[in-house]
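Survey of secondary and tertiary structure
Chain by chain, the residues run as shown.
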Amino acid sequence: MSKVIRIGTRDSQLAMWQAETVQAQLERLGHKTVLVPVKSTGDLVLDKPLYELGITGIFTKTLDIAMLNEDIDIAVHSLKDVPTVLPKGIVQAAVLKRGNVNDTLVFKNNEEFLSAKEAIIATGSLRRRAQWLNRYPTHTVVGLRGNVNSRLQKLEDNDWNAAIFAAAGIGRLNIRPENAINLHWMIPAPAQGAIMITALEKDADILEICAEINHEDTEISTSIERKFLNRLEGGCTAPIGALAFIKNEEVNFKGILLSKDGTKKIEVSKVVPLGKHHDLGEFCADYIISKGGKTLIDQLQRSDKTTNIYSTKKLTDDQLQLFHNDVVAESNDAIKISLNRIPKSVVRNEIENVIITSKNGVEALLNNFSATELQFKNIYCVGRRTKRLIENRIGKVKHTEANAVKLAQHLVEYLEGTEVTYFCSDLRLDTLPKVLSENNIVVNEVEAYQTRYNADKIEGDIKGIMFYSPSTVESFLKQNKPNGIAFCIGETTANVAKKYFEEVRIAKVPTVESVIELVNEYYI
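All of the points below concern the structure found in this document. This one's a predicted model, so the numbers in the text were calculated from it and none came from an experiment. (Residues numbered from 1 in each chain as written. Predicted model: local features only at pLDDT ≥ 70, side-chain atom pairs only at ≥ 80, totals over all residues. Heavy atoms only, no water.)

1. Things to note about the sheet that holds strand β21 (residues 442-453)
Heads up, the rule is: Strand pairing requires that DSSP identify at least two bridges connecting the strands. Secondary structure follows DSSP: runs of H or I at least 4 residues long count as helices, runs of E at least 2 residues long count as strands, and numbering of each begins at the N terminus. Under this scheme, a helix contributes an axis fitted over its contacting stretch, all axes are lines through C-alpha atoms, and angles between N-to-C directions fall in the 0 to 180 degree range. Note on contacts: a residue pair qualifies if any of its non-hydrogen atoms lie within 4.5 Å across the two residues.
What the six strands build is an open sheet, ordered β16-β21-β20-β17-β18-β19; its pairing is mixed. Lying at the two open borders of the sheet, with one neighbouring strand each, are β16 (335-339) and β19 (399-401). Looking at each pair of strands side by side, their axes are set apart by 25° on average, direction ignored. Here three bridges tie strand β18 (residues 376-382) to β19, and the two strands are oriented parallel to one another. If you follow Tyr 380 over to β19, its bridge partner there is His 399. Those strands touched by helix α12 (residues 359-368) are β16, β17 (351-356), β18, β20 (419-425) and β21, and its axis lies near 25° from that of β16.

See the structure below:
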């Protein structure tokens, strides 16, 4: 072929090294080439982490456009930067033999910080950040962008302990510092260390030429990793790692998906004979999904959106899945409970009438006494879940109501005797004991647990707050102004919320799921 092959590349030092490597291999086969450098958005925007830019293929898009315009014949990429789905008309033409797949830690002084509680590590990769925090949860991870040389200089100029780089990058530029170690425990980005060539699907001559420098083992391994990534719907905004390699006619694979803060991790590893590897990436991705990966991915996708609902109770993964697609919920426990020590004398004799208004009261009793020590003749409670816990752990409940007011009204009319023992919090409402006292029923209060305010200060425009008790309302308002809709678990909570919020909505039944349903109705 007499045509000069135009090789498109980013103009960074590392990208030029990769393009020159491709150029050298092609020219060794007798082909004429010329380099065509271009600058990408990923090279121009250096003040934000990649995952905050929200662009898939940020380092490849400019080259894709140049190729579709037929300004270049082939493009050279770091394969880990290439989206798993290529633009229409563009195909993978070749993958060169893979370099070092590892991530490398470059440290400033020594490695002692690895055993320290506090340390500062720099990286612009969400995957590296998540895996580091999973292994070293008390460390601080800061952002780091720019080309390899500038990142090394930033490490030198800042008060950081270390920074994480791709071993292939610093190795290819021959600038790997002596104070560097490979992180063999960290699973690399899918296709890390591999150089890829793309070309137009219709250009048969170019595709035939590129096939001459394709490395089959690298192609197989990186293809598996990218299928794994594609199945998990991940890109720069998801902490996903994958590594496949061929040894002794077997394909070894390991993959990982994490939450952004590293607190949640799902891993998979599998070995299959070479030749039976074609579905390996998808199989391992499906395993991750089956072990909670779908929930984690949904959370990652939601985390890129602005929070519009805040829950004053920490929600479970299953509960978060119940929200409408337009809801981006943040949650934390607005109150912290500490169980008190209850004197043995309180339950020494059988108590005729006992009132328990929350699951916390049940837990406090069981923290102090065995079920056989709790000799209660008549148990009255608030809430179906409280009732269920009492009957599973202590004994039969005589009567339950949805809130304290209704329970007080019932007791005034139907109580056996004129005295009750009320296991309550230090922040309990006055309603129940007041109604009973006004009707000549003696209330013996036992402070079973203490409630401490623990609310977050909320930033941004929140559409609604989810409340589960009067104390969650009070706690929230210690840190925040009333804003948006108050979605309440019951009437007692709603009555407190109405003092501060213009719009208050009450769940049909007193459960967290019912409050979520209430929120969803707002978005329908």
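2. Thoughts on helix α9 (residues 216-231)
What counts here: Helix span is expected to be 1.5 Å times the residue number reduced by one. Relative accessibility under 20% of the residue-type maximum defines a buried residue, over 50% an exposed one, and the middle range a partly exposed one, all with a 1.4 Å probe and only protein chains included.
Between its terminal C-alpha atoms α9 stretches 22 Å, which fits the 22 Å expected from 16 residues at 1.5 Å a residue. Residues of α9 that are buried: Thr 218, Ile 220, Ser 221, Thr 222, Ile 224, Glu 225, Arg 226, Phe 228 and Leu 229. Backbone geometry just downstream of α9 places Glu 233 in the positive-phi region, at approximately 60°.

3. Considering unusual backbone geometry
At Asn 174, a residue that is not glycine, the phi angle is positive and equals roughly 60°. Along the chain, Asn 174 falls in the loop between α7 (167-172) and β9 (180-183). Even without being glycine, Ala 191 reaches a positive phi, approximately 70°. Along the polypeptide, Ala 191 turns up in the loop between β9 and β10 (195-200).

4. Some remarks on the sheet that holds strand β4 (residues 90-95)
Picture the strands of a sheet paired through backbone hydrogen bonds; they go either parallel or antiparallel. If you trace the five strands from one edge of the open sheet to the other, you get β2-β1-β3-β10-β4, paired in mixed fashion. Of all the strands in the sheet, the pair left with one neighbour each is β2 (33-38) and β4. With direction set aside, neighbouring strand axes in the sheet form an average angle of 30°. For strand β1 (residues 5-10) and β2, the ladder comprises six bridges, and the chain directions are parallel. Across the sheet, residue Ile 5 finds its bridge partner in β2, namely Thr 33.

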